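# Observations on the three-dimensional arrangement
Single-letter residue listing:
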Amino acid sequence: MVWSIGKLRWMLQFGLCVMSLGCASVSGSFTFQIHHRFSDQVKTVLGGHGLPEMGTLEYYETLVHRDRGRRLTSNNNQTTVSFSQGNSTQEISFLHYANVTVGTPAQWFLVALDTGSDLFWLPCNCNSSCIRSMETDQGERIKLNIYDPTISTSSSKVPCNSTLCALRNRCVSPLSDCPYRIRYLSPGSRSTGVLVEDVIHMRTEEGDARDARITFGCSESQVGLFQEVAVNGIMGLAIANIAVPNMLAKAGVASNSFSMCFGLKGKGTISFGDKGSSDQLETPLSGTLSPPFYDVTITEFKVGSVTVESEFNAIFDSGTAVTWLIEPYYTAVTTNYHLQVADRRLPARVKSPFEFCYIITSATDEEKLPSISFEMQGGATYNVFNPILVFDTSDGGQVYCLAVLKEVTAGFNIIGQNFMTNYRIVHDRERMILGWKESDCNDKNGFTGPTASVKPPSLPPTLSPRGRSPSTRLSPLAASSLLILCFFSFVCL
């Protein structure tokens, strides 16, 4: 049989380990295009030397290894705006990044976008712990900016009597600088410093400036995985007041909502202020976790012809590559899938992170493979477009796997990027709903680099496989830890 071109393909080498990875009126929305670091659009600009091909085994090896560690149509009346650097974003070593400009004069920062944490922080007065340069594929060494509040004329410190200061018990006086500390689930990974205020520079499609004052972390120390990934900062997109979407809403530049969309080939968009469309499907956020995340209630699910009436909660997390389920839901999904597949299962001796993989033969019919769908609270159905991954074998054959993994440590279910493919997902924080609508996630303007005078050379740098000190080489295991849901928010010790 012929498998559709849109399917993701892996290169499997048998005998090798398969997996070695609130609130003002609406005045606009912010849009940035997301491109996978290994997509053709990015490679055309940055090159691809030493990087895994998208869809190959090495590519998904690293994605899964990373996940283990971390644990579109708009309404017509919406005006699309972007960062002042332009609408380009890209994924570098499995993290989605945007080129963000902050301060006066404006400086660019290559910031990781994270729906699993709240705080936006930048490297700041961090001395030897900062990563200060990256190297492009072309051998060009690019200096990374380090935020300096003494240089930015629009910068101010956040005092301990601020409502956003959570660690007041560590303050000497109400007017002392407010400290923060955020810890991630990756062992030993944390960022510490003080909170500051400054301007983030945005613009409309017509080029009109839409700047906003926001509070973020001046990170004086980044340890653990931050010596290898997200070296130039993280933009938290979760639900707390300190998160960027909420601050943009309070500044009156966007509604407290945003959407994310991911296409099959690694490109997509992220739009602040996007409340979705009238014909989207939606479900309320369940609010069962503390701190809150984008978790929903699934009332039942269907695998092929089998309906399982079992209610559970799951977090929609764009930073997780594949879907992770705890028991008994993992077994219910995978077993019912397996019982409806006619193809021969891949022998257990072949190492793979996925338990249910099958050998493709001339009798394999893609159209007959079991579908997966979820019925959400409220009755809307969420159909999964891409539950399998397809890869080639070294002997010229093909194998496909159900891309679902068993979660045994975090204790919650995660709907990962693979189950969000072909959807525009709307995170409406005002109505507290999650919306979705089928979309090909096509960008309208193509993949273009930033044009502002504060841009780095060409596009933001891609990482070289050659190590530096401090290391700029991304370890797959370290990359796996960054986007895990941060259950230690910045208020934690």
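In this text, all values refer to a predicted model and were calculated from it rather than measured experimentally.

## Some words on the overall build of the chain
Helix and strand counts for the chain come out as five helices and 31 strands. When burial is assessed residue by residue, the chain has 61% of its 493 residues classed as buried. By element, 50% of the accessible surface of the chain is carried by carbon and sulfur atoms, the whole surface being about 18400 Å².

## Quick notes on unusual backbone geometry
Of note, the bond from Thr104 into Pro105 is cis; its omega dihedral lies within 30 degrees of zero at 0°. With respect to the helices, strands and loops of the structure, Pro105 is situated in the loop between strand E5 (95-102) and strand E6 (107-114). A cis geometry characterises the amide bond from Glu327 onward to Pro328, with omega recorded as 5°. One can find Pro328 in the loop between strand E22 (323-325) and helix H4 (329-338). Positive phi, normally seen in glycine, also occurs at Asn125, with a value near 50°. Within the element layout of this structure, Asn125 appears in the loop between strand E7 (121-123) and strand E8 (133-135). At Met432, a position not held by glycine, the phi torsion is positive, near 55°.

## What to know about the side chain of Asn413
Secondary-structure assignment places Asn413 in strand E29 (residues 413-415). Judged by its relative accessible area of 2%, Asn413 is buried. One polar contact links the side chain of Asn413 to the main-chain amide nitrogen of Ile326, over a distance of 2.8 Å. Those residues in contact with Asn413 that lie beyond four places of it in its chain are Phe312, Asn313, Ala314, Ile315, Trp324, Leu325, Ile326 and Tyr329.

## Some points on the packing of aromatic side chains
Tallied over the full model, the rule gives 14 aromatic pairs. Between Phe258 and Phe272, the aromatic rings sit 5.8 Å apart at their centres with planes inclined by 35°, giving tilted as the arrangement. One end of the pair, Phe258, is in strand E16 (residues 257-262); the other, Phe272, is in strand E17 (residues 267-272), and 14 residues separate them in sequence. Overall, Phe272 belongs to the buried group, its relative accessible area being 2%. When the centroid spacing of 5.9 Å and the interplanar angle of 75° are considered together, the rings of Phe301 and Phe312 count as edge-to-face. Of this pair, Phe301 sits in strand E19 (residues 295-303) while Phe312 sits in strand E21 (residues 312-316), and the two are 11 residues apart along the sequence. Residue classification places Phe301 among the buried residues on the basis of a relative accessible area of 1%. Here Phe312 falls in the buried class, since its relative accessible area comes to 4%.

## What to know about the state of the cysteines
On inspection of all chains with the given rule, the structure shows five disulfides. Covalently, Cys124 is tied to Cys218 through a disulfide, its sulfur atoms 1.8 Å apart. Between Cys124 and Cys218, the S-S dihedral sits near -65°, and the bridge is therefore left-handed. With Cys124 in the loop between E7 and E8 and Cys218 in strand E14 (residues 212-223), the pair connects residues that are 94 residues apart, well separated along the chain. A residue is classified by how much of its surface remains accessible, and Cys124, at 0% relative accessible area, is buried.

## A closer look at the nonpolar core
Burial of nonpolar side chains together is a common tendency in soluble globular proteins. Counting residues in hydrophobic clusters, the biggest one holds 71 residues, and the most contacted among them are Phe120, Ile200, Met235, Tyr337, Phe374 and Tyr382. Residue contributions to this core peak at five residues, all from H4. Every residue in contact with Met235, bar those within four places of it in the chain, is listed here: Phe83, Val100, Val111, Ala112, Leu113, Asp114, Leu119, Phe120, Ile200, Val244 and Phe272.

## Some details on the pattern of salt bridges
Any two side chains of opposite charge can pair, on the condition that their charged atoms come close. This structure, assessed with the given rule, holds nine salt bridges. Measuring nitrogen to oxygen at the nearest pair gives 3.0 Å for the salt bridge that ties Lys275 to Glu430. In this pair, Lys275 sits in the loop between E17 and strand E18 (281-284) while Glu430 sits in the loop between strand E30 (423-428) and strand E31 (433-438), placing the two residues 155 residues apart along the sequence. Bridged by salt links that share partners, the residues Lys275, Asp428 and Glu430 form one connected network.

## A closer look at the environment of Ile388
As for its position among the elements, Ile388 is in strand E26 (residues 388-393). The class for Ile388 is buried, based on a relative accessible area of 3%.

## Focus on the pairing of E19
Two strands pair when backbone bridges link them, and E19 and E21 are joined in this way by four bridges, in the antiparallel orientation. For Asp295, the partnering residue across the bridge sits in E21 and is Ile315. Across five bridges, the pairing between E19 and strand E24 (residues 372-376) is antiparallel. Each residue of the ladder has a partner; that of Phe301, found in E24, is Phe374. Relative to strand E20 (residues 306-308), E19 runs antiparallel, the two being bridged by three bridges. The partner of Val303 across the bridge, within E20, is Val306. What sits between E19 and E20 in their antiparallel hairpin is a turn of two residues, with Gly304 showing a positive phi close to 60°.

Scoring rules and cut-offs
- Residues numbered from 1 in each chain as written.
- Predicted model: local features only at pLDDT ≥ 70, side-chain atom pairs only at ≥ 80, totals over all residues.
- Heavy atoms only, no water.
- Helix = DSSP H or I, 4+ residues; strand = E, 2+ residues; numbered from the N terminus.
- Buried < 20%, exposed > 50% of the residue type's maximum accessible area, 1.4 Å probe, protein only.
- Areas by Shrake-Rupley, 256 points an atom, 1.4 Å probe, with all protein chains shown as cover.
- Polar contact = N/O pair within 3.5 Å; in protein donor to acceptor, adjacent residues only side chain to side chain.
- Contact = heavy atoms within 4.5 Å.
- Phe/Tyr/Trp six-rings, centres within 6.5 Å; stacked < 30°, edge-to-face > 60°.
- Disulfide = S-S within 2.5 Å.
- Core = buried A, V, L, I, M, F, W, Y, C linked by side-chain atoms within 4.5 Å.
- Salt bridge = Lys/Arg side-chain N within 4 Å of Asp/Glu carboxyl O.
- Pairing = 2+ DSSP bridges.

All we've got here are geometric facts, nothing functional implied.
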